[in-house]
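Each chain is listed here by its residues.
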Amino acid sequence: MLGESYMRRIGVFVCHCGVNIAQNVDVDALTTYASTLDGVVVAKQYKYMCSDVGATLIKGSIKEHKLDGVVVAACSPRMHEHTFREVVNDGGVNPYQLEIVNIREQCSWIHSDRKKATEKAKFLVRSGVAKAKLLEPLQTSTLKVTPNALVIGGGIAGIQASLDLANDGFKVYLVEREPSIGGRMSQLDKTFPTLDCSSCILTPKMMEVANHQNIELFTYAEVADIEGSIGNYTVKVRKKPRYVDIDKCTGCGDCATACRLKDRIASEFDMGMGKRGAAYMPFPQAVPLKYTIDAEHCLFITRGKCGDKPACREACAQKAIDFDQKEEIVDLKVGAIVVATGYDLLNPESLYEYGYANSPDVITTLELERLISSSGPTKGEILRLSDQQEPKSVTFILCIGSRDETQCTWCCRIGCMSALKHVYLLREKLGDDVEINVCYTDIRSYGKGYEEFYRNVRGLKTNMFRGRPSEVCNMGDHQKIDVFDTTTNKLFEIKTDMVVLVPALVPRADAGDFARLLHLTLSGDGFFLEAHPKLRPMDTFVNGIFIAGCCQGPKDIQDTVSQASGAASRAATILSKEELEIDPLIAVVDEEVCTGCGICVEICPYEARILNEKTKIAEVNDALCTGCGACIAACPSNASIHRNFTKKQLLNMVDDII
Amino acid sequence: MSIVDLTSMGESQAELRKEINDRLSRLQEDVSDYCYQCAKCTSGCEAHKLLELEPHKIVALLKRGLIDEMVNSDIIWTCMSCFKCRERCPQKIAPVEILFALKNMAVASGKQIPGKYSTILQSVLSMGLIQDIQEVTMRDTKTKKRGDLDLPALSKPSDPAKFQAGLMKIAVEKL
Amino acid sequence: MKRKFALYPGCIMSTEQYAYEISIRETLPLLDIELVDIDGFSCCGEPLKSVNQLMMLYLSARNLALAEKNKLDMFAPCAICHLALSECRYVLGSNPEMKGRINGMLAAEDLTYNGTGEIVHTVDLLHDRIGIEEIAKHVKKPLKDIKLATHYGCHAIRPKEIGRPVDSEHPMKMEAILSALGAETAEYPEKLDCCGGLLQINLDESALAKAGQKLKAVHEHGFDGLVDVCPWCHKMFDARQTKAGETVAAKLDLPVFYLTQLLGLAFGVKKEKLGLEFNLSPVDKIQIG
């Protein structure tokens with residue numbers, strides 16, 4: 001086997017990468033050295049090997065020197081391995097008989113001594129040639145694509161992605177864990193900078209989702225498990241029992257009116273300020289327009305008794321209430337997944353000094369949204385929670401926990417604009433006489449129309465204090481804030497009726513668990529990590545899974561919708577193909593050596609390994625294997641082999657340089 | 001090239017600035033460079049309302065390297081060491097520790113030490129404590145001192161000469 | 001189970017604030033705490049941090065080394081001392097070079113600092129080590145019908161980074177202890193404000209003003225008394241109360257206690273044994289027992 005694939009006609013191509021490589025590595029010397037190596041028949045150099053000219057150079061050399069293997073000494077394979085594979089393939093050499101030697105990231109960029117760096121580059125190239133001589137030609141295989149998409153999360157990002165994919169003609173399963181889709185945007189009153197009514201622009205989209213023939217909606221449901229890989233995922237969705245038959249429920253609300261716990265449970269949608277019953281609909285525009293019975297509180301479910309008979313069941317003329325409903329698991333087959341699970345607000349209790357835990361009159365922006373909303377707990381009246389009086393003075397404090405090394409290091413990106421929007425709305429609702437103060441660190445009004453909006457708000461008799469208060473003191477009937485204003489160099493004491501904190505945006509509390517379930521990576525801040533911050537912002541490191549909206553990082557609605565459409569388009573790229581190529585650089589099992597111990601099955605993070613019950617030999621599911629190498633390291637009998645990373649090939653690389 | 005403060009003709013003192021930052025980095029993780037002047041420290045400063053201390057300005061002056069201006073000013077001696085600025089800084093900067101460093105510099109440069117600091121220093125050097133046993137007045141106006149009470153003898157360095165020798169060594173060392 | 005600690009008295013408590021020491025020595029043994037006196041302690045160095053930080057580290061390391069030599073954990077009832085000792089441990093723990101230098105100097109007195117001993121303060125000793133339940137068991141004469149304000153002292157609560165005996169923004173351990181003693185407590189906006197104590201060294205008027213402002217606020221909130229756990233703070237609020245009041249144009253008569261004095265009263269210890277005659281504030285206003 002070795003003899004057959006033993007290649008002797010290798011070409012080495014050294015890239016200057018402009019000056020990136022050339023300034024720290026003597027490329028002339030390196031090329032000359034490469035040409036002397038055993039098996040090398042030609043060595044050439046060029047300024048940009050990844051350019052058209054470079055490609056022509058490689059292809060021409062392959063033909064001229066009848067090459068059967070190619071070594072490119074350039075940047076990281078993560079950057080251009082794909083490019084050079086195509087070039088080599090076009091030239092007539094099997095694309096897997098290409099070896100990339102990284103002399104940029106691993107040499108020129110990290111060393112300053114040119115002489116030593118050149119010596120190191122020589123070792124690297126020599127070792128690359130040693131491997132290239134043993135590289136095997138490999139063929140890609142294909143698999144069929146399931147042309148359905150799964151969208152996780154029914155906020156504006158998930159809604160947009162679902163609609164885009166559905167309009168492209170793909171079947172979309174949209175899974176939302178709350179009883180209704182709509183997400184954070186449905187809680188907002190108006191949106192900046194245009195002051196569009198949030199519900200007015202969101203509700204039509206929610207309705208479109210509900211009525212779209214290509215969208216199947218799973219609300220009050222969660223993703224429980226996921227198997228498979230790009231093109232063919234099997235997803236288990238756990239449908240929580242809502243104890244209401246949604247086919248029968250007309251959304252009339254008789255159950256909620258009858259519920260013995262009516263107006264006794266804090267409403268999540270109203271940030272705990274409004275009340276609901278155990279039979280409830282989170283908000284009037286909910287989609288689906290169906291009621292849900294909250295099992296955590298329902299008397300009949302928790303205590304087995306609700307008066308003589310459950311009041312909701314008695315009240316429902318449609319006989320839609322069904323206490324026998326059980327949790328249900330549904331299997332979905334999809335080819336691509338868009339994750340749009342959104343964000344949480346930082347609980348300001350972690351910055352105790354700002355008094356959120358001390359007074360009902362210190363609230364967050366999201367709570368103010370519900371107070372301003374005409375469908376909110378006060379029907380749109382701005383009232384202090386302590387005494388139900390209209391405030392004569394409202395003070396905003398920005399950057400609560402944002403840009404903070406002890407809390408969230410990042411900027412929340414929406415805090416400034418959302419506070420300015422509230423200033424505008426409060427001025428509109430409470431009139432000219434109310435005092436409005438804003439304590440800010442820097443106003444970041446970077447979006448289209450944002451700076452103009454900021455200018456408008458400055459003109460609305462807004463007291464802008466450029467400084468961060470150290471604490472909010474609860475004085476009983478008012479709150480006291482000392483703030484040093486760096487624009488006047490003075491310390492001001494603000495006595496105010498109501499304080500609105502603008503907290504940081506944080507990842508969902510269960511983002512870590514969810515990432516493990518989907519094998520996604522988290523960035524340092526705890527949000528889902530994109531495959532590349534600039535060039536692959538919607539991709540993840542798991543092929544076929546894309547991210548959109550605030551689950552990737554804080555952003556406003558504009559950016560969220562753009563990213564959602566982008567993610568949908570990325571998913572469509574996969575779904576629109578009938579077949580996908582599978583990279584052959586994955587694990588294989590040497591059947592003669594495998595003892596069937598099963599360690600590889602346990603260790604494989606992608607569930608790509610199975611133990612054949614009959615033959616007692618481990619097998620690899622090519623579609624699932626990512627070539628991570630975990631099974632290779634774990635196999636006690638060396639039966640697990642990584643194609644073109646065989647022990648023989650690797651040892652030859654080492655042997656040749658020591 | 002240079003940058004000059006035209007109100008005081010002060011120039012950036014890079015060396016002194018480095019000295020302070022080195023000193024701080026031994027006491028805590030981060031140095032003042034990260035400050036973005038939110039002034040949360042000054043908003044909550046216990047000494048600001050009474051004595052006009054502006055911790056955020058101290059950090060800004062340090063970043064500019066205008067060290068002499070601070071070392072020669074009485075303002076650095078107004079800090080009450082309440083540590084609120086260090087506790088609440090969103091960038092983990094500790095103006096209070098910068099002030100300690102500046103005060104140490106003022107002392108080391110031979111400036112007169114304000115208030116009773118010299119008395120305290122002398123007392124610690126000679127007997128190990130900031131003061132000797134005091135006769136105190138009680139609510140009924142009678143006076144008593146430690147010896148009149150059922151308390152053990154005062155704990156203090158048993159060999160004052162040895163103790164003093166150790167301390168004197170430090171007085172000339174730098175942090 | 002008897003627990004042993006080296007009592008580190010610090011300068012102010014042992015030379016002036018006798019009431020704290022008397023009440024500590026009277027009450028803690030009732031809770032099975034054995035206090036060991038060690039000769040040779042010096043100032044913790046905190047008041048000299050402004051003059052020379054290295055001196056502070058050296059002095060604290062020296063005191064900790066003395067306790068280590070006696071194989072004892074350290075009980076520092078003064079918040080200022082407790083911070084100096086804790087900071088010393090924090091800095092030397094993360095800076096082996098500095099630790100080496102300090103130890104080189106300590107060798108002259110035949111001492112070595114290893115950083116093996118614990119450092120406790122009155123509040124965490126009572127709340128965490130002894131526990132509320134145990135304290136409640138000893139209460140014989142509950143403090144009835146009094147509403148007390150607490151003052152922890154800046155050095156006891158900050159900086160959190162160094163590790164303090166109580167929470168830096170929402171300290172509640174004294175409240176829990178006082179409630180076990182039968183007293184009522186309440187939150188007030190100025191609770192975390194400074195007493196001004198250290199400023200006595202060079203800006204005495206301002207120090208008094210600081211104390212005066214806080215005392216006035218506590219009085220206006222309708223508290224019957226103030227409780228503290230640091231001899232510097234107590235000196236400001238109790239011994240210097242009248243003068244502090246003058247700076248804010250107020251005639252103050254607010255009873256100020258050490259926590260350990262109230263502990264003793266609730267345990268049924270006689271007033272005379274708790275050093276109450278040393279409190280210059282009108283503690284007689286409150287009838288206990």
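Computed from a predicted model, the values in this text were never measured in an experiment.

Here the focus is the interface of chain A and chain C. Taken together, the 5 residues of chain A in the interface contact 4 residues of chain C. Buried surface at the junction of chain A and chain C, both sides included, amounts to about 470 Å², of which 61% is carbon and sulfur. Summed over the shared surface of chain A and chain C, the result is 0 salt bridges. At the junction of chain A and chain C, the tally comes to 1 residue pair in polar contact (both at pLDDT 80 or more). Here the side of chain A that touches chain C is composed, by residue class, of 3 nonpolar, 1 polar and 1 charged.

For residues besides glycine, phi is generally negative; the peptide bonds are generally trans as well. F192 of chain A connects to P193 of chain A through a cis peptide bond whose omega is -5 degrees. Residue P159 of chain C is bonded to the preceding R158 of chain C through a cis peptide linkage, with omega at -15 degrees. Along the chain, P159 of chain C turns up in the loop between α8 (154–157) and α9 (173–180). Here Q37 of chain B, not a glycine, exhibits a phi torsion of approximately 60 degrees, which is positive. Note on placement: Q37 of chain B falls in the loop between α1 (14–27) and α2 (40–44).

To continue, consider the packing of helix α3 (residues 52–65) of chain A against helix α4 (residues 77–91) of chain A. The relative placement of two packed helices comes down to the angle between their axes together with the axis-to-axis distance. All names here are of chain A. Contact geometry for α3 and α4: axes closest at 8 Å, N-to-C directions at 35 degrees. Handedness of the α3/α4 crossing: right-handed. For the pair α3 and α4, the contacting residues are A55, I58, K59 and I62 in the first and F84, V87, V88, D90 and G91 in the second. Taken together, the residues that form the contact of α3 with α4 break down as 6 nonpolar, 1 polar and 2 charged.

Contact with chain C, which involves 73 residues of that partner, is made by 63 residues of chain B. Taking both sides of the interface into account, the surface hidden between chain C and chain B amounts to around 6,200 Å²; carbon and sulfur atoms contribute 60%. Looking at the side of chain C facing chain B, the largest losses of area belong to S50, V51 and Q53 of chain C, adding up to 11% of the total buried there. Here chain C and chain B share 8 salt bridges between them. Here K160 of chain C and E87 of chain B are joined by a salt bridge, their closest N and O atoms 3.2 Å apart.

To continue, consider the environment of S576 of chain A. Residues and elements named next belong to chain A. In this structure, S576 sits in the loop between α16 (557–575) and β30 (579–582). On the basis of relative accessibility, which here comes to 52%, the residue S576 falls in the exposed class. In this structure the C-alpha to C-alpha distance between S576 and I10, which are 566 residues apart in sequence, comes to 39 Å. At a separation of 2.8 Å, a polar atom in the side chain of S576 contacts the main-chain carbonyl oxygen of A572. Of note is the side chain of S576, whose polar atom sits 3.2 Å from the backbone oxygen of T573.

Residue and element names in this part refer to chain A. As summarised here, the arrangement of the 3 strands in space is β24-β25-β26, forming an open sheet in which the pairing is antiparallel. Of all strands in the sheet, those with a lone pairing partner are β24 (472–474) and β26 (490–496), marking the two edges. Strand-to-strand twist across the sheet, computed as the mean angle between neighbouring axes with direction ignored, equals 20 degrees. Across 7 bridges, the pairing between strand β25 (residues 479–485) and β26 is antiparallel. Within β26, the residue paired with Q479 across the bridge is T496.

Residues and elements named next belong to chain A. Within the open sheet, the 3 strands sit side by side as β11-β12-β17. Their pairing is antiparallel. Where the open sheet ends on each side, the last strands, each with one partner, are β11 (221–229) and β17 (328–334). On average, each strand axis in the sheet is inclined to that of its neighbour by 20 degrees, with strand direction left out of account.

On to the domain arrangement of chain C. Residue and element names in this part refer to chain C. Along its sequence, chain C is organised into domain 1 (3–120) and domain 2 (138–283). Centre-to-centre, using C-alpha coordinates, domain 1 lies 24 Å away from domain 2. Facing the 25 residues of domain 1 at the interface are 30 residues of domain 2. The tally of links from domain 1 across to domain 2 stands at 1 salt bridge. On inspection of domain 1 and its partner domain 2, the count reaches 8 residue pairs in polar contact (both at pLDDT 80 or more). At the level of elements, α1 (11–15), α2 (18–27) and α4 (79–94) are the ones that each hand at least two residues to the side of domain 1 that touches domain 2. The biggest single contributor to the side of domain 1 that touches domain 2 is α2, with 8 residues. Considering only residue class, the side of domain 1 that touches domain 2 consists of 16 nonpolar, 5 polar and 4 charged.

Take the side chain of N279 of chain C next. For N279 of chain C, the position within the fold is in the segment after α13 (259–266). Side-chain polar atoms of N279 of chain C contact the backbone oxygen of V256 of chain C, separated by 2.8 Å. Residue contacts for N279 of chain C: discarding those within four places in its chain leaves R139 of chain B together with A19, H234, D238, V256, F257 and Q261 of chain C.

If you walk through the whole model with that rule in mind, you get 16 aromatic pairs over all chains. Geometrically, the ring pair formed by W77 of chain B and Y117 of chain B is tilted, given 5.3 Å between the ring centres and 55 degrees between the ring planes. Taken as a pair, W77 of chain B in the loop between α5 (67–71) and α6 (84–88) and Y117 of chain B in helix α8 (residues 117–127) lie far apart in primary sequence, 40 residues in all. Like Y117 of chain B, W77 of chain B is buried. In textbook terms, an aromatic cluster arises when at least three aromatic residues are bridged by ring pairs, as seen for F192, Y446 and Y450 of chain A.

Another aspect to go through is the pattern of salt bridges. Under the defined criterion, the tally for this structure stands at 63 salt bridges over all chains. In this structure, the salt-bridge partner of R238 of chain A is E222 of chain A, at a minimum N-O distance of 3.7 Å. Of the two residues, R238 of chain A is situated in strand β12 (residues 232–239) and E222 of chain A in strand β11; the sequence distance between them amounts to 16 residues. Look at E222 of chain A and you get partly exposed, because its relative accessible area is 24%. Ionic pairing is found between K235 of chain C and E16 of chain C, a salt bridge with its closest N-O pair at 3.0 Å. Separated by 219 residues along the polypeptide, K235 of chain C in helix α11 (residues 231–239) and E16 of chain C in the loop between α1 and α2 bring together distant segments of the chain. Accessibility assignment for this pair places K235 of chain C and E16 of chain C in one class, buried.

The rules behind these values
- Residues numbered from 1 in each chain as written.
- Chains lettered and ligands numbered in written order.
- Predicted model: local features only at pLDDT ≥ 70, side-chain atom pairs only at ≥ 80, totals over all residues.
- Heavy atoms only, no water.
- Contact = heavy atoms within 4.5 Å.
- Buried area = accessible area lost by both parts, 1.4 Å probe.
- Salt bridge = Lys/Arg side-chain N within 4 Å of Asp/Glu carboxyl O.
- Polar contact = N/O pair within 3.5 Å; in protein donor to acceptor, adjacent residues only side chain to side chain.
- Nonpolar A, V, L, I, M, F, W, Y, C, P; charged D, E, K, R; others polar.
- Helix = DSSP H or I, 4+ residues; strand = E, 2+ residues; numbered from the N terminus.
- Axes fitted to C-alpha atoms, helices over the stretch in contact; angles between N-to-C directions.
- Left-handed = near helix turned anticlockwise from the far one by under 90°.
- Buried < 20%, exposed > 50% of the residue type's maximum accessible area, 1.4 Å probe, protein only.
- Pairing = 2+ DSSP bridges.
- Domains from an automatic or database assignment.
- Phe/Tyr/Trp six-rings, centres within 6.5 Å; stacked < 30°, edge-to-face > 60°.

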